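# Fold and contact review
Each chain, letter by letter, is given below.
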Amino acid sequence: MKTRGAVVRQAPGKFEVVNLEVDAPRQGELMVKMAASGLCHSDDHVATGDIPVGVYPFCGGHEGAGIVEQVGPNTRGFQEGDHVVFSFLPGCGRCRWCASGYQNLCDLGAGLLAGSRWDDPTDFRMSLDGAPVGQMCGISTFSEHTTVAVESAVKIPEDIPLDKACLVGCGVGTGWGSAVNSAEVKAGDTVIVMGVGGIGINAVQGAAHAGASQVIAVDPIAFKREKAMELGATHAVGSMEEATELAKGFTNGQGADSAIVTVGVTKPEHVGQAFSAIRKAGTAVVTGLGDITEVGVPIAISELTLFQKRLQGALFGDSNPSTDMLKMLRLYTEGNLKLDELITKTYSLEDIQQGYEDMHAGKNIRGVIVYN
Ligand SMILES: NC(=O)c1ccc[n+]([C@@H]2O[C@H](COP(=O)([O-])OP(=O)(O)OC[C@H]3O[C@@H](n4cnc5c(N)ncnc54)[C@H](O)[C@@H]3O)[C@@H](O)[C@H]2O)c1
Ligand SMILES: [Zn+2]
Ligand SMILES: [Zn+2]
């Protein structure tokens with residue numbers, strides 16, 4: 001069927017809204033009518049070329065929610081009308097990682113940027129003028145309709161508004177989990193969150209939820225610092241130098257228990273700053289992405305060894321999408337996790353480029369596309 005979707009034709013490039021063809025779902029697949037999609041920085045990395053993808057044009061978007069419109073033949077677990085949030089990380093449920101509580105590391109993730117179906121690099125569900133169009137993380141939430149594998153969809157209760165629920169598909173799980181799971185924030189901790197976007201704000205919420213005494217948010221933009229203070233930060237400063245000094249002040253000179261890097265375009269020196277800010281046996285968590293070909297981080301090997309510091313990567317905040325997305329939504333309905341407050345502005349799909357310009361200008365905690 002015909003649909004409108006936002007694609008990048010090359011990188012560096014910009015999202016352009018075009019008429020796409022989206023195929024009917026086959027076995028093990030769903031066609032979903034999108035309700036809303038967050039504008040995560042990771043799609044911008046695809047547009048800038050920081051993250052190269054398997055095929056262009058490439059239809060973006062990986063933080064979305066919608067309603068199942070068609071279920072493929074002989075496909076169990078879903079029916080028409082189900083409300084779903086997409087997981088940008090598929091979960092097969094069978095591989096070593098899925099079977100041992102690391103669903104975020106599912107082997108199907110190897111095909112995340114290929115744009116095709118997981119099992120066949122030549123098999124696509126979207127096309128433009130007869131040519132294949134890649135799907136971001138196999139889902140492409142920047143499209144009115146999309147066809148996805150069941151491994152990418154999580155059924156959610158119907159009373160949760162989809163335009164808020166979409167956020168748990170990436171930003172919330174990633175940020176909250178970076179604090180709670182990856183940094184293992186404990187009651188009384190001093191935590192630094194570096195970069196207050198859709199990811200960092202949820203690291204702030206997660207750290208506060210876990211009982212941190214001091215949550216120090218760092219962002220060069222004043223509006224971001226204000227928002228961080230509203231959502232759980234105890235302090236908000238413009239630089240890591242100030243944050244490090246503050247953290248030392250609270251810990252008798254030792255340093256932060258953890259520092260979480262959620263900078264939009266993460267560079268090696270950001271990781272170095274976070275590593276320098278933590279105490280002995282503390283944890284620096286790297287959640288942000290940048291140029292993915294970049295190698296090497298400036299950290300003192302002596303601090304790594306002799307201070308026994310930990311440097312921890314985090315994909316979707318070390319969360320298991322199938323269970324943790326529902327947990328996030330439960331916390332939301334109980335009033336213990338804020339979602340409404342994360343959405344600074346909503347856009348139509350046609351205005352997606354404006355949404356990304358606003359993200360770059362630091363105007364949004366999260367911009368969200370709302371479909372009709
Ligand atoms: N690991 C994962 O699973 C995962 C998932 C989603 C997103 N990401 C990545 O996380 C990062 C953040 O995404 P987002 O959507 O929140 O981006 P965003 O652009 O909304 O927010 C990034 C924030 O970083 C701030 N910033 C820039 N330079 C800084 C500095 N030197 N110190 C402190 N703050 C600084 C910006 O002002 C901005 O507020 C991106 O790199 C994205 O690709 C990773
Ligand atoms: Zn994302
Ligand atoms: Zn798996």
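Bear in mind the structure is a predicted one, so any value in this text is a computation, not a measurement.

### Observations regarding the pattern of salt bridges
In the structure shown here, the tally under the stated rule is 18 salt bridges. Residues Arg9 and Glu16 are paired through a salt bridge, measuring 2.9 Å at the closest nitrogen-oxygen approach. Where Glu184 meets Arg310, a salt bridge forms, and the shortest distance between an N and an O atom there is 3.9 Å. In this pair, Glu184 sits in the loop between α4 (171–182) and β11 (190–194) while Arg310 sits in strand β16 (residues 310–313), placing the two residues 126 residues apart along the sequence. Classification of Glu184 by relative accessible area gives partly exposed; the value is 39%. What makes Arg310 partly exposed here is its relative accessible area of 33%. A network of salt bridges, in which partner residues are shared, links Asp23, Arg26, Glu29, Arg117, Asp123 and Arg125.

### Some details on the domain arrangement of the protein
What the domain assignment reports for the protein is domain 1 (2–169 + 339–370) and domain 2 (176–314). Computed over C-alpha atoms only, the centres of domain 1 and domain 2 are separated by 28 Å. Tallying the contact residues gives 16 residues for domain 1 and 18 residues for domain 2. Surface buried jointly by domain 1 and domain 2 totals about 1300 Å² across both partners, of which 68% is contributed by carbon and sulfur atoms. Per-residue buried area on domain 1 facing domain 2 is highest for Asp50, Leu342 and Ile365; these three make up 41% of the total on that side. Between the two partners, domain 1 and domain 2, sit zero salt bridges. By residue number, the principal contributor to the side of domain 1 that touches domain 2 is helix α1 (residues 41–48), which donates three residues. Residue classes in the side of domain 1 that touches domain 2 are distributed as six nonpolar, six polar and four charged.

### Digging into the coordination of the zinc ion (ligand 3)
Those protein atoms acting as donors to the zinc ion (ligand 3) are Cys92 (SG), Cys95 (SG), Cys98 (SG) and Cys106 (SG), and they sit at 2.3 to 2.4 Å. Bound by four donor atoms, the zinc ion (ligand 3) shows angles of 104 to 115° at the metal and therefore tetrahedral coordination geometry. Read N to C, the donor residues that coordinate the zinc ion (ligand 3) are spaced as C-x2-C-x2-C-x7-C. Taken together, the positions of Cys92 in the loop between β6 (83–86) and α2 (96–99) and Cys106 in the loop between α2 and β7 (126–128) put the pair 14 residues apart, joining distant regions of the chain. The exposure class assigned to Cys92 is partly exposed, which follows from its relative accessible area of 27%.

### Notes on the packing of aromatic side chains
Using the criterion set out here, one finds four aromatic pairs in the structure. Consider the rings of Phe15 and Tyr356, whose centres lie 5.8 Å apart with planes at 25°: the pair is stacked. With Phe15 in the loop between β1 (2–8) and β2 (16–22) and Tyr356 in helix α11 (residues 352–360), this pair connects stretches of sequence that are 341 residues apart. The buried category is assigned to Phe15, whose relative accessible area is 7%. Members of the aromatic cluster, each reached through a chain of ring pairs, are Phe15, Phe142 and Tyr356. Sitting over the ring of Phe78, Lys155 keeps its end group 6.0 Å from the ring centre.

### Side note on the coordination of the zinc ion (ligand 2)
Taken together, the protein ligands of the zinc ion (ligand 2) are Cys40 (SG), His62 (NE2) and Cys170 (SG), with distances of 2.0 to 2.3 Å. For the zinc ion (ligand 2), the donor residues sit on a single chain with the sequence spacing C-x21-H-x107-C. Here Cys40, found in the loop between β3 (29–38) and α1, pairs with His62, found in the loop between β4 (58–59) and β5 (64–71); they are 22 residues apart in sequence, far enough to count as distant.

### Comments concerning the site of ligand 1
Not every one of the 30 residues close to ligand 1 is listed here, only the nearest: His41, Asp219, Gly264, Phe316 and Arg366. Between an oxygen atom of ligand 1 and a main-chain N or O atom of Gly264, the distance comes to 2.6 Å. Between Leu289 and ligand 1, the recorded distance is 2.9 Å, taken from a backbone N or O atom to an oxygen atom. In isolation ligand 1 has 880 Å² of accessible area, and contact with the protein removes 88% of it.

### Comments concerning the nonpolar core
In terms of nonpolar packing, the biggest core is built from 84 residues, with Phe142, Leu339 and Ile352 touching the most fellow members. There are two domains that each give this core at least three residues, and those are domain 1 (2–169 + 339–370) and domain 2 (176–314). Those residues in contact with Leu339, other than ones at most four positions away along the chain, are Lys164, Leu167, Val168, Val172, Leu329 and Tyr332. Residues Ala247, Ala256, Ala259 and Phe275 belong to the second largest nonpolar core, which totals 17 residues.

### Quick notes on the side chain of Gln205
With respect to the secondary-structure elements, Gln205 resides in helix α5 (residues 200–209). Gln205 sits in the buried class, given a relative accessible area of 8%. Beyond its immediate stretch of four places on either side in the chain, Gln205 contacts Trp176, Leu231, Leu337, Lys338 and Leu342.

Quick notes on the rules
- What you see as residue numbers is a count from 1 along each chain, following the sequence as written.
- Each chain is given a letter, starting from A, and each ligand a number, starting from 1, according to the order in which they appear as written.
- Reporting of local features is limited, given that this is a predicted model, to residues whose pLDDT is at least 70; pairs of side-chain atoms are given and counted only at 80 or more, and all residues count toward the totals for whole chains, interfaces and linings.
- The side-chain numbers reported here are obtained from all heavy atoms of the structure, hydrogens and water having been left aside.
- Salt bridge, as used here, is a side-chain nitrogen of Lys or Arg placed within 4 Å of a carboxyl oxygen of Asp or Glu.
- Helix numbering and strand numbering both begin at the N terminus, where a helix is a DSSP run of H or I of at least 4 residues and a strand a DSSP run of E of at least 2.
- Each residue is assigned to one of three classes by its accessible area relative to the maximum for its type, calculated with a 1.4 Å probe on protein chains only: buried under 20%, partly exposed between the two thresholds, exposed over 50%.
- The source of the domain bounds is an automatic or database domain assignment.
- By definition, residues are in contact when any of their heavy atoms lie within 4.5 Å.
- Here's the idea: put two parts together, see how much 1.4 Å probe accessible area each one loses, and the total over both is what we call buried area.
- For this classification, Asp, Glu, Lys and Arg are treated as charged, while Ala, Val, Leu, Ile, Met, Phe, Trp, Tyr, Cys and Pro are nonpolar and the rest, including Gly, are polar.
- Counted as coordinating are nitrogen, oxygen and sulfur atoms within 2.8 Å of the metal, or 3.2 Å for Na, K and Ca, while water is not included, which may make sites look incomplete.
- Under the classification used here, a metal with four donors is tetrahedral if each angle lies between 85 and 135 degrees, square planar if opposite donors are over 155 degrees apart and the others between 65 and 115, a six-donor metal meeting that same test is octahedral, and anything else is irregular.
- For this analysis, a ring pair means two rings from Phe, Tyr or Trp (six-membered ring only for Trp) whose centres lie within 6.5 Å, classed as stacked if their planes differ by under 30 degrees, edge-to-face if by over 60, and tilted for the remaining angles.
- Distance and angle both matter: a charge sits over a ring if NZ of Lys or CZ of Arg is within 6 Å of the ring centre and within 35 degrees of the ring normal.
- Proximity criterion: a residue is near a molecule or strand once any of its heavy atoms comes within 4 Å of it.
- Any pair of nitrogen or oxygen atoms within 3.5 Å is treated as a polar contact; in protein, a donor-acceptor pairing is required on top of that, and neighbouring residues in sequence qualify only through side-chain atoms on both sides.
- The Shrake-Rupley method, run with a 1.4 Å probe sphere, supplies the accessible areas, and residue values consider only the shown protein chains as cover.
- For this analysis, a nonpolar core means a set of buried residues of the types Ala, Val, Leu, Ile, Met, Phe, Trp, Tyr and Cys, connected via side-chain atoms within 4.5 Å.

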